[in-house]
Amino acid sequence: MKYLYQLKKVKLIFLIPLFIIITANRGLAQLIYQPYSYQFYQKLDAAEYSPATSLHTSLKPYLIADSGAVRQMYDSLMMSNVDNTGKSWIHKVLFSGHLAEVRNKNYTFSIDYLPDLQAGREFEGKQTTYLNTRGYQISATIGSNFFFYTSGYENQGKFANYEANYISKTDMIPGEAYDRSFLGYNDWSYATTLMGYKPTKAVTIVLGEDKTFIGDGYRSVLLSDYAANYPLLRLTADLGPNVQYMAMWAYMEDPSAVQFNSFTNNRRKWGAFHYIDWNINKRASIGFFNALIAEEANDQGKLHGFDVNYIDPLYFSSSLGPSGSGTIPDHTLVGFNGKYKIFNKTTIYGQLLFDQSLSPVNNSGGKAWQLGFKGSDLFKVKSLNYLFEYNTAAPYTYANRNPIVNYTELDEPLGDPLGANFKELLGIVNYSIGRFDLQGEIDYAKTGLNIGNINYGQDITLADNINLPAVTTGTTGQGLATTIKYAEGTVAYLLNPKYNFRLEVGALLRQETNSETSLKTAMITIGLRSSFRDLYHDF
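Residues numbered from 1 in each chain as written. Predicted model: local features only at pLDDT ≥ 70, side-chain atom pairs only at ≥ 80, totals over all residues. Heavy atoms only, no water.

Participant: A description of the overall build of the protein should follow, citing residues and the corresponding values.
Facilitator: Looking only at helices and strands, one finds seven helices and 27 strands in the protein. Relative to its full complement of 539 residues, the protein shows a buried share of 56%. In the protein, the share of contacts with a sequence separation of at least 24, taken over all contacts with a separation of at least 6, comes to 65%. Of the roughly 22,500 Å² of accessible surface on the protein, a fraction of 63% belongs to carbon and sulfur atoms. (Helix = DSSP H or I, 4+ residues; strand = E, 2+ residues; numbered from the N terminus. Buried < 20%, exposed > 50% of the residue type's maximum accessible area, 1.4 Å probe, protein only. Contact = heavy atoms within 4.5 Å. Areas by Shrake-Rupley, 256 points an atom, 1.4 Å probe, with all protein chains shown as cover.)

Structural data, given as structure tokens:
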């Protein structure tokens, strides 16, 4: 029954006709929904992080308008203005167009087939890995203030040793969906569906099933796109020329929570998120973040009850004090995001998060933070982009004594993939020349795993007040000291930018060591790939 969660997505489609009727006769700048993937978004950095612009860059995915400051670069990357006159249908589908497309002044429509076919060899385990994905992508606009987007993927695959271990432990394909293992291979499917409406020039409303990323780096300790999709309602408003406000309500699941006798599917929880981004000037910005996670019902099946804070358009008053200590055990977190453009096309950025749950270490909340710098056109080489970043989270951060309100979706972190109790340093370099795209990543992390059933604070799905060590100082890395080294490189040749259709060759090295075990991974892959989405393997 746990797979019934996928039926939520189907219900969203029935709301489409209502949106079409409401929005058909209104008109503003056209909305283009661009699914978030770091590999594509970093190509916009030269425009986004120039001191000549003052864009709100930390809230993703973007809705790119006709008059947006990145529109020219976006159109160039997507070959939006290419002339396909006289070209065959096969040529357009493979190199410069959509599978089907209609475009006029009243509406636009496009559909793409998204293959993601990959074969690989994992040398340590002497096994063949593969990915067999068949997907679709449909995008539409009506008038100029309504958009609709959906994509879906049916997948089978076999993974490298460390990912297979993760899947076995969590029953999740990382960041995607439940694993329905069958006859020795992994099987899973999921979809994204969104409808957006812009009632005024300053306000955008989005409803659907998707993810949200807050930050200017590769990871986020506030809200990342690592976990699987979830139903959401997101309101974004420009409060003058320099302030952007976001409120989002999400409906999430916890497969590990205590089940009711009469309820055989996953337990549910609500998430409410606020983010205010203030561009102080064209170089500096600061963002204020707030999140609240609340169970739908307690372990006895009693409904949580309504709290006006959940629909309060401003910061929750409950976030000013510790969470989980009252009669309604909500979980609140607050944080900050900031950036400063120190040079043209070079930016430093950072985040700071305070978990309001009472920590078992010192009766105060856990903390996480990030510091990094990124830039484009390194050494004046066009399209040579880079990022270097440090992330850390103290033990038990994001966890709660009431486990269902931990900071996860389907038991996967809403922050960094490593959960908590870790330190991580990573670097990414990307270079595009013509249709070739080259990317390399190095990641070095230290974390503290549990020893037996003793909870040292890395697994944020566990209650943070039981099975604790006899003595704990809260030192990051406590427990079974574990080192993770990761390196990956890819070389891709872009066939069609409309849906990121490409030939790609990759190599990956990973080593995870501690006093009890050493797991090594070395593999190469080759594939015919497509779609704009983040598929994380670097954990």
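That covers the picture; the talk isn't over yet.
Participant: Residues and numbers for the pairing of strand β11 (residues 203-210), please.
Facilitator: Summarising the sheet, strand β10 (residues 186-200) and β11 pair through six bridges and their orientation is antiparallel. Note that in β11 the partner of G196 across the bridge is V206. Linking two consecutive strands that pair antiparallel, namely β10 and β11, is a turn of two residues. Sheet topology places β11 next to strand β13 (residues 230-238); eight bridges connect them, and they run antiparallel. Opposite I205, over in β13, you have L235 as the bridge partner. (Pairing = 2+ DSSP bridges.)

Participant: Account for unusual backbone geometry, with residues named and values stated.
Facilitator: Look at the link from K60 to P61: it is a cis peptide, with omega at 10°. Phi is positive for K126, close to 50°, though the residue is something other than glycine. Along the polypeptide, K126 turns up in the loop between β5 (107-122) and β6 (127-142). You can call K126 exposed: its relative accessible area is 67%.

Participant: Please provide a residue-by-residue account of the side chain of T347, values included.
Facilitator: Inspection of the secondary structure assignment puts T347 in strand β18 (residues 346-355). Accessibility expressed as a relative area gives 0% for T347, which makes it buried. Apart from residues no more than four positions distant in its own chain, T347 is found in contact with Y49, K339, Y340, K341, I342, G372, F373 and K374.

Participant: Kindly report on the pattern of salt bridges, identifying the contributing residues and their values.
Facilitator: Inspection of every chain in the model, using the stated rule, returns 19 salt bridges. E504 is the partner of R529 in a salt bridge, and the nearest nitrogen-oxygen pair spans 3.1 Å. Of this pair, R529 sits in strand β27 (residues 518-529) while E504 sits in strand β26 (residues 501-513), and the two are 25 residues apart along the sequence. Like R529, the residue E504 is buried in the burial classification. Between R510 and E512 there is a salt bridge; the shortest N-O distance is 2.9 Å. (Salt bridge = Lys/Arg side-chain N within 4 Å of Asp/Glu carboxyl O.)

Participant: I'd like a description of empty space enclosed by the protein, backed by residues and values.
Facilitator: Evaluated as defined, the whole model comprises five cavities of 30 Å³ or more. By volume, the largest cavity amounts to about 260 Å³. Contributing to the lining of the largest cavity are 22 residues, with Y36, D210, K211, F532 and R533 lying nearest its centre. Mapped by element, the contributors of at least two residues to the lining of the largest cavity are β7 (146-158) and β10. When residues in the lining of the largest cavity are grouped by element, the largest group, three residues, is from β7. (1 Å grid on protein atoms, 1.4 Å probe; cavity = no way out; pocket = protein on both sides within 12 Å on 5 of 7 lines; lining within 4 Å. Points joined across faces, edges and corners; volume = space filled by probe spheres on them.)

Participant: Describe in detail the confidence of the model for the protein, supporting the description with residues and values.
Facilitator: Summary statistics for the protein give a mean pLDDT of 88 and a share of 87% for residues scoring 70 or more. Across residues 1-28 the pLDDT falls below 50, and counting only partners more than four positions away or on other chains, this stretch makes 59 contacts in the model. Across residues 316-327 the pLDDT falls below 50, and counting only partners more than four positions away or on other chains, this stretch makes 31 contacts in the model. (pLDDT = per-residue confidence, 0-100.)

Participant: Please provide a residue-by-residue account of the environment of N290, values included.
Facilitator: Looking at the element boundaries, N290 is found in strand β16 (residues 284-295). Measuring from C-alpha to C-alpha, the distance between N290 and A247 comes to 9.5 Å, with 43 residues separating the pair along the chain.

Participant: Requested: an account of the nonpolar core, with residues and values cited.
Facilitator: Membership of the largest hydrophobic core comes to 79 residues, with the highest contact counts inside it found for L223, F273, F289, Y398 and Y407. With four residues, the single largest contributor to this core is strand β14 (residues 243-254). Contact partners of L223, with chain neighbours within four places excluded, come to T212, F213, I214, Y230, M248, F273, F289, Y407 and L414. (Core = buried A, V, L, I, M, F, W, Y, C linked by side-chain atoms within 4.5 Å.)

Participant: Explain the packing of aromatic side chains to me, using residue names and the numbers behind them.
Facilitator: Any two aromatic rings considered together are summarised by their centre-to-centre distance and by the angle between their planes. Counted according to the given criterion, the structure contains 27 aromatic pairs. When the centroid spacing of 5.3 Å and the interplanar angle of 35° are considered together, the rings of Y153 and Y190 count as tilted. With Y153 in strand β7 and Y190 in strand β10, the pair connects residues that are 37 residues apart, well separated along the chain. This pair shows no difference in class: Y153 is buried, exactly as Y190 is. Pairing Y226 with F539 gives two aromatic rings, centres 6.3 Å apart and planes at 65°, and the pair type is edge-to-face. With a gap of 313 residues between them, Y226 in the loop between β12 (213-214) and β13 and F539 in the segment after β27 connect regions that are remote in the sequence. Members of the aromatic cluster, each reached through a chain of ring pairs, are Y36, F40, Y41, Y62, Y74, F213 and F532. (Phe/Tyr/Trp six-rings, centres within 6.5 Å; stacked < 30°, edge-to-face > 60°.)

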